[in-house]
Amino acid sequence: TKCESGCVCADGLYENLDGECVPAEECPCEYGGLAYGRGEQIQTECEICTCTKGKWKCVQKTRCSSTCNLYGEGHITTFDGQRFVFDGNCEYILAMDGCNVNRPVSSFKIVTENVICGKSGVTCSRSISIYLGNLTIILRDETFAISGENPGVRYKVKKNALHLMFDIIIPGKYNMTLIWNKHMNFFIKISRETQETICGLCGNYNGNMKDDFETRSKYVASNELEFVNSWKENPLCGDVYFVVDPCSKNPYRKAWAEKTCSIINGHVFSACHNKVNRMPYYEACVRDSCGCDIGGDCQCLCDAIAVYAMACLEKGICIDWRTPEFCRKF
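These lines cover the structure that appears in this document, whether it is placed above or below. All values reported here derive from a predicted model rather than from experimental measurement.

A short note on empty space enclosed by the protein
So, step 1. By the definition in use, this model includes 1 cavity of 30 Å³ or more.
So, step 2. In this structure, the largest cavity occupies an estimated 30 Å³ of space.
So, step 3. Ile198, Cys199, Gly200, Gly203, Asn204, Asp211, Asp212, Glu214 and Trp231 are the residues that line the largest cavity.
So, step 4. Here the residues of the lining of the largest cavity sort into 3 nonpolar, 3 polar and 3 charged.

In structure tokens form, the structure reads like this:
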């Protein structure tokens, strides 16, 4: 109805993000603030998405995996997405199979050992034991040791500047990737070929987070402390009766913790904000930074931020957040 000055693309052509006119087949797709060209793919744990004519076309993977995260001072996100925090100076079963009470036959068991890392009583996961029949892998003091053997299990060890990674295959049952940052953070990614029940602090991996607090005795605990105490590896360890709030114990650290952890809420991670809810990670960062009060406070801080960065990476968003002055790689 009126004439407006400017440039338009000819019929059948469309403007791309560089201001060029291209045919529909060449239209890019956007994800997390980044442009992807025709045919480029992004992957999540359960889907592979391909850029086609400016839109994402997604297909389900034949095998869908799920990840349990143990990070910082006792933060856990289960396979089904339930979150909780626990403090306990003991060994706890993170995940295992063979959960039948009457006839337990386990092909794997992963145990975490906690140690005190703050005056307020908070604990840090420092040691991980992986039992695969007669094969045992111990992660401790920034390195690992392997003893025994199991011909029925295949495994590979990979290293980089920040992580130790273990690819473990139990044929016909599980493909597992275990990632340890040599400090407090540990990730268990499992793809299973059977509907074998899994149990432990990582939950029962049945797709329903509401029943994740299932105890060793196969009932759903009324609270997370009852649940945690049921998964002690050594029953002689003391029970946990309360969860410490480190920022209440160390109020002088709270302002520093909130200020430094605010990188999670800032522009550095902005591309990820609409893909992964940042608040649980920010709150965990503040809590851990308040709690590490006898050394290692910067390590606690950096580990907490790294967990959010990894959650972003799982959604296809790669954030370059480390600098020589802030949480440098080494």
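What about a nonpolar patch on the surface?
So, step 1. A surface patch of nonpolar side chains, amounting to about 210 Å² of accessible area, comprises Ile146, Tyr155 and Val157.
So, step 2. Here Ile146 lies in strand β15 (residues 143-147).

Here's the deal with unusual backbone geometry
So, step 1. The backbone phi angle of Glu142 is positive, close to 65°, even though this residue is not glycine.
So, step 2. For Glu142, a relative accessible area of 48% gives the class partly exposed.
So, step 3. The residue Lys218 is not glycine, and still its phi comes out positive at about 70°.
So, step 4. Examined against the element boundaries, Lys218 turns out to sit in the loop between β19 (186-192) and α1 (224-230).
So, step 5. Lys218 sits in the partly exposed class, given a relative accessible area of 36%.

Observations concerning the sheet that holds strand β16 (residues 154-159)
So, step 1. Judged by pairing direction, the sheet is antiparallel, and its 7 strands sit side by side in the order β10-β9-β8-β19-β18-β17-β16 without closing on themselves. Only two strands of the sheet have a single neighbouring strand rather than two, namely β10 (83-85) and β16. Sheet twist, expressed as the average angle between the axes of neighbouring strands with direction ignored, equals 10°.
So, step 2. With 6 bridges connecting them, β16 and strand β17 (residues 164-170) associate as antiparallel partners. The partner of Lys159 across the bridge, within β17, is Leu164.

Considerations on the nonpolar core
So, step 1. If you look at the biggest cluster of nonpolar residues, it comprises 46 residues, and the most contacted ones within it are Leu94, Phe108, Leu132, Phe186, Ile188 and Leu201.
So, step 2. Other than its neighbours up to four places away in sequence, Leu201 contacts Ile76, Thr78, Phe84, Phe86, Tyr92, Ile93, Leu94, Phe227, Val228 and Trp231.
So, step 3. Core analysis: the second largest hydrophobic core is formed by 37 residues, Ala257, Met310, Ile317 and Ile319 among them.

Let's talk about the pattern of salt bridges
So, step 1. Taken as a whole and judged by the stated rule, the model has 7 salt bridges.
So, step 2. For Lys53, the salt bridge is made with Glu25, and the minimal N-O distance between the two is 4.0 Å. You can see Lys53 sitting in the loop between β6 (47-52) and β7 (55-60) and its partner Glu25 sitting in the loop between β2 (21-23) and β3 (29-31), a full 28 residues away along the chain.
So, step 3. The partner of Lys218 in a salt bridge is Glu214, and the shortest N-O contact between them spans 3.4 Å.

The rules behind these values
Residues numbered from 1 in each chain as written. Predicted model: local features only at pLDDT ≥ 70, side-chain atom pairs only at ≥ 80, totals over all residues. Heavy atoms only, no water. 1 Å grid on protein atoms, 1.4 Å probe; cavity = no way out; pocket = protein on both sides within 12 Å on 5 of 7 lines; lining within 4 Å. Points joined across faces, edges and corners; volume = space filled by probe spheres on them. Nonpolar A, V, L, I, M, F, W, Y, C, P; charged D, E, K, R; others polar. Patch = residues over 30% accessible without salt bridge, like charges linked within 9 Å, V, L, I, M, F, W, Y side chains within 5 Å. Areas by Shrake-Rupley, 256 points an atom, 1.4 Å probe, with all protein chains shown as cover. Salt bridge = Lys/Arg side-chain N within 4 Å of Asp/Glu carboxyl O. Helix = DSSP H or I, 4+ residues; strand = E, 2+ residues; numbered from the N terminus. Buried < 20%, exposed > 50% of the residue type's maximum accessible area, 1.4 Å probe, protein only. Pairing = 2+ DSSP bridges. Axes fitted to C-alpha atoms, helices over the stretch in contact; angles between N-to-C directions. Core = buried A, V, L, I, M, F, W, Y, C linked by side-chain atoms within 4.5 Å. Contact = heavy atoms within 4.5 Å.

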